[in-house]
Amino acid sequence: MKEKGKLQTLDQFKDRHYGLSGTAERDDLERGYENFRIGALIHEARIAKGLTQEELAKKTGTTKSYISKIENDVKEVRISTLKRIVEEGLNGSLQLSINL
């Protein structure tokens, strides 16, 4: 991320290429990142628990394909399904917060 010999922060890069925070294109980028992050967190937790996608799917009443799509950022997960995956499949707890 060099710009004429100077390093940019990630926020500077996003500002330049996706617009300032609050613009439609920037908001789309941020939402996409959150979906990617959820999938990555599920993948890491599943591996840490020693579960296959199929085993996690069986524990949560979903399919291996669905778990794969969430982990690979192909499909967005509903909060109710995410809660079931975390609590029933991974024996964890889901914590959400709202920042204003």
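Residues numbered from 1 in each chain as written. Predicted model: local features only at pLDDT ≥ 70, side-chain atom pairs only at ≥ 80, totals over all residues. Heavy atoms only, no water.

A. Fine view of unusual backbone geometry. For Asp-73, which is not glycine, the phi torsion reads 60° and is therefore positive. As for its position among the elements, Asp-73 is in the loop between α4 (64–71) and α5 (79–89). Among the residues examined, Asp-73 registers a relative accessible area of 36% and is labelled partly exposed. (Helix = DSSP H or I, 4+ residues; strand = E, 2+ residues; numbered from the N terminus. Buried < 20%, exposed > 50% of the residue type's maximum accessible area, 1.4 Å probe, protein only.)

B. Representation of the packing of helix α3 (residues 53–60) against α5 within the structure. Viewed as axis vectors pointing N to C, α3 and α5 meet at an angle of 100°, and their least axial separation amounts to 9 Å. Judged by the inter-axis angle, α3 sits roughly perpendicular to α5. Residue-level contacts link Leu-56, Lys-59 and Thr-60 of α3 to Arg-84, Ile-85, Glu-88 and Gly-89 of α5. Taken together, the residues of the contact of α3 with α5 break down into two nonpolar, two polar and three charged. (Axes fitted to C-alpha atoms, helices over the stretch in contact; angles between N-to-C directions. Parallel < 35°, antiparallel > 145°, perpendicular 65-115°, else oblique. Contact = heavy atoms within 4.5 Å. Nonpolar A, V, L, I, M, F, W, Y, C, P; charged D, E, K, R; others polar.)

C. Region of interest: the pattern of salt bridges. A complete count under the given rule lists six salt bridges for this structure. The partner of Arg-26 in a salt bridge is Asp-15, and the shortest N-O contact between them spans 2.5 Å. Residue Arg-26 is located in helix α2 (residues 24–48), and its partner Asp-15 is located in helix α1 (residues 10–18); the two are separated by 11 residues in the primary sequence. Residue classification places Asp-15 among the partly exposed residues on the basis of a relative accessible area of 31%. Among the ionic pairs, Glu-71 bridges to Arg-46, the shortest N-O distance being 2.7 Å. Residue Glu-71 is located in helix α4, and its partner Arg-46 is located in helix α2; the two are separated by 25 residues in the primary sequence. For Glu-71, a relative accessible area of 10% translates into the label buried. (Salt bridge = Lys/Arg side-chain N within 4 Å of Asp/Glu carboxyl O.)

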